[in-house]
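Spelled out from the first residue to the last, the chains are:
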Amino acid sequence: MDKSERILMAHGAGGYLMQKLIKEHILSILPKDSFEVGLHALDDSAIVNGVVFKSDSYTVKPLFFPGGDIGRLAVSGTVNDISVMGGKPIALSLALILEEGFPVDDLDRIMYSIADTCREADVYIATGDTKVVERGSLDGCIINCSGIGVRSRYLDYNLDIVRKFRRGFEARWLLDSNIKPGDKIIVSGTIGDHGVAILSCREGYGFESNIRSDVKPLNRMVERALSVGGIVAMKDPTRGGLANLLNEWSEKSRVGILIREEDIPIREGVRAACEMLGIDPLEIGNEGKVVIAVVEEMAEEVLEALRETEEGRDAAIIGEATDEFEGVAMETLIGGKRIIPPPLGDPVPRIC
Ligand code: MG
C-alpha cells in the first residue's frame, strides 16, 4: 500500500483485501506475542493461559433485519467464535457506541434481544461500556462484544478420538491449521441466508424475499458434535462465506480442499436472489452456521449428531481435504471442476 492509499469498504469485507491490510498494517506493527494461540494465528479466537479470548465489533446495516438484529448478532457472533475453537463461552463484554438522537426505544429492543440471546447461549454480560458520539458520526449504533470461554468439557474426549485414527496428532484446540488430507468437510446447514436477508431489506435493493437471517448462538450444537468426537477443526463462515473459510483452511493447513456443488445446502430463495444480483452464494456471510473438518472415520457419526439438533438439521458432508492439488476446487453440477479463489471481500458490505 502506498502512502496515499485509503481504507476502502472492501478492507472490512473479510476477504483477501482485509487479510492483506491486517497482515501489512496491523500484525507487522504490533509486538509478537507468545500465547498458545496468539494474534498471528488469525484464528477465530486466541488462547491465553488456557482461556479462549475473542473480540468482535458489529456494524450491521440495518440494525433490525429479517430474523435478527444487531444485539442478537453481537452475542451470537462472539459466542460462536469462542465455540469453534473448542471453548465453552462464559462471559461477554458489551460496549455500546450510540449516535446522538438514537431512539431509546430502539436501544431497549436491542437490549431485550441481547438478554434473550444470552439466555439462549447460557452466557452473561459481565462488563461493558456506553459512549455517545455526535449526530452524523455513525449510523445509529455500533457494538463491540468481546468474550472469554473455558475449555469445553468434551474437547479432550473429542481429541482422543482424533488420535485413535491419526497417530501423532498433537493439537490441543480446534485450529485452522489442523486439517490433513482425507478429513471430511461438513457444513451445518444452508449457506447464504444471513447475507441475503440483510440485502433484501437494504435501501436500493428491496427485492421480495422470505429469507431470514440464520443468526444464532451455536454453542449447544457444537458441544453435541464434540461429544461424538473426531473433529479436528471448526470455523464459522462469516464474512467472505464458505469460499473464504475453505481458502483460509487450505492455506493454514497446507492441504487442497475439494467440495461438490450438489452437496452444498442452499435455499432456493437464496439461490434465486444470488442469481438475480449476480453474487456467489459461496462468498456470502452466514451467522448461524459452522463448517467442521472431521477425520473420515467419524464423519457420518458427527453428521448424524448434527442433524439431530434443530440448528444442524440441514447439515451435509460437502467434500474433503486432499493432497492432490493446492487451494480449493469445486466439482460443479455440470460435471466440471472450478477453482474457488479467496474472495476479495464479501459481496455484501456491513453484514455483521
Ligand atoms: Mg470466525
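Small disclaimer: the values here were computed from a predicted structure and weren't measured.

## A word on the overall build of the chain
Summing up its helical and strand segments, the chain has 9 helices and 14 strands in all. Taken over the C-alpha trace, the chain has a radius of gyration of 19 Å; the compact-globule value for 352 residues is 20 Å, and the two agree within 12%. Reported as C-alpha extents along the three principal axes, the dimensions of the chain are approximately 60 × 50 × 50 Å. Expressed as a percentage of its 352 residues, the buried residues of the chain come to 55%. In the chain, once contacts between residues fewer than 6 apart in sequence are set aside, the share between residues at least 24 apart is 81%. Total accessible area on the chain is roughly 16300 Å²; 51% of this is exposed by carbon and sulfur atoms. Here the chain contributes 40 positively and 57 negatively charged side chains, and the mean placements of these two sets differ by 3 Å.

## Considering unusual backbone geometry
For the bond running from K61 to P62, omega is 0 degrees, close enough to zero to count as cis. Relative to the assigned elements, P62 resides in the loop between β2 (51-58) and β3 (64-65). Although it is not a glycine, D122 sits at a positive phi angle of roughly 60 degrees. Even without a glycine there, the phi angle at R350 is positive, about 55 degrees. As for its position among the elements, R350 is in the segment after β14 (337-339). For R350, a relative accessible area of 26% corresponds to the partly exposed category.

## Quick word on the packing of helix α2 (residues 70-83) against helix α3 (residues 104-121)
The geometry of α2 relative to α3 is characterised by a closest axis approach of 7 Å and an angle of 30 degrees between their N-to-C directions. As summarised for this structure, α2 and α3 are arranged roughly parallel, according to the angle between their axes. Where α2 crosses over α3, the two elements pack in a sense that is right-handed. On the side of α2, the interface is formed by I70, G71, R72, V75, S76 and V79, while α3 contributes I110, S113, I114, T117, C118, E120 and A121. Residues of the contact of α2 with α3, tallied by class, amount to 7 nonpolar, 4 polar and 2 charged.

## Some remarks on the coordination of the magnesium ion
Surrounding the magnesium ion are the protein donor atoms D44 (OD), D81 (OD) and D236 (OD), at 2.1 Å. Take D44: its relative accessible area is 6%, and that puts it in the buried class. Given the relative accessible area of 7%, D81 is considered buried.

## Considerations on the nonpolar core
Across soluble globular proteins, nonpolar side chains have a tendency to be buried as a group. Membership of the largest hydrophobic core comes to 99 residues, with the highest contact counts inside it found for I143 and W249. Counting residues per element, this core draws most heavily on α2, which supplies 6 residues. When neighbours within four sequence positions are excluded, W249 is seen to be in contact with D176, I179, I185, A233, M234, K235, R254, I257, V291, I292 and A293.

## Examining helix α6 (residues 219-226)
Counting buried residues in α6 gives 6 out of 8 residues, a clear majority hidden from the surface. Residues of α6 that are buried: N219, M221, V222, E223, A225 and L226.

## Quick notes on the domain arrangement of the chain
Along its sequence, the chain is carved into domain 1 (47-151) and domain 2 (155-339). Taking only C-alpha atoms into account, the centre of domain 1 sits 24 Å from that of domain 2. Across the contact, 28 residues belong to domain 1 and 29 residues belong to domain 2. Between domain 1 and domain 2, roughly 2400 Å² of surface is buried when both sides are summed, and carbon and sulfur atoms account for 57% of that area. Looking at the side of domain 1 facing domain 2, the largest losses of area belong to P66, V84 and R151, adding up to 28% of the total buried there.

## Observations concerning the pairing of β2
Burial along β2 is one-sided: the face carrying V52, K54, D56 and Y58 is buried and the face carrying V51, F53, S55 and S57 is not. Taken together, the 3 bridges between strand β1 (residues 46-48) and β2 define a ladder with antiparallel strand orientation. Its bridge partner lying in β2, V48 is registered against V51. Where β2 and strand β7 (residues 141-151) come together, 7 bridges link them in antiparallel fashion. In the strand pairing of β7, V52 is matched with G149.

## Considerations on the pattern of salt bridges
Under the definition given, this model contains 28 salt bridges. Two residues, R151 and D156, come together in a salt bridge whose shortest N-O distance is 2.7 Å. You can call D156 partly exposed: its relative accessible area is 40%. For E223, the salt bridge goes to R153, with nearest N and O atoms at 3.8 Å. Of the two residues, E223 sits in helix α6 while R153 sits in the loop between β7 and α4 (155-165), which places them 70 residues apart along the sequence. Look at R153 and you get exposed, because its relative accessible area is 64%. Each of the salt bridges in this network shares a partner with another, and the network as a whole consists of D44, D176, K235, E248 and K252.

## Observations concerning the packing of helix α5 (residues 193-200) against helix α8 (residues 268-277)
Between α5 and α8, the shortest axis-to-axis distance is 10 Å and the interhelical angle comes to 60 degrees. By the angle between their directions, the pair α5 and α8 is classed as oblique. The crossing of α5 and α8 is left-handed. Residues D193, V196 and L199 of α5 form the contact with α8, whose own contacting residues are V270, A273, C274 and L277.

Calculation criteria
Residues numbered from 1 in each chain as written. Predicted model: local features only at pLDDT ≥ 70, side-chain atom pairs only at ≥ 80, totals over all residues. Heavy atoms only, no water. Helix = DSSP H or I, 4+ residues; strand = E, 2+ residues; numbered from the N terminus. Rg over C-alpha atoms; globule rule 2.2 N^0.38 Å. Buried < 20%, exposed > 50% of the residue type's maximum accessible area, 1.4 Å probe, protein only. Contact = heavy atoms within 4.5 Å. Areas by Shrake-Rupley, 256 points an atom, 1.4 Å probe, with all protein chains shown as cover. Lys, Arg positive; Asp, Glu negative; His and termini not counted. Charge placed at Lys NZ, Arg CZ, Asp CG, Glu CD. Axes fitted to C-alpha atoms, helices over the stretch in contact; angles between N-to-C directions. Parallel < 35°, antiparallel > 145°, perpendicular 65-115°, else oblique. Left-handed = near helix turned anticlockwise from the far one by under 90°. Nonpolar A, V, L, I, M, F, W, Y, C, P; charged D, E, K, R; others polar. Donors = N, O, S within 2.8 Å, 3.2 Å for Na, K, Ca; no water. Core = buried A, V, L, I, M, F, W, Y, C linked by side-chain atoms within 4.5 Å. Domains from an automatic or database assignment. Buried area = accessible area lost by both parts, 1.4 Å probe. Pairing = 2+ DSSP bridges. Salt bridge = Lys/Arg side-chain N within 4 Å of Asp/Glu carboxyl O.

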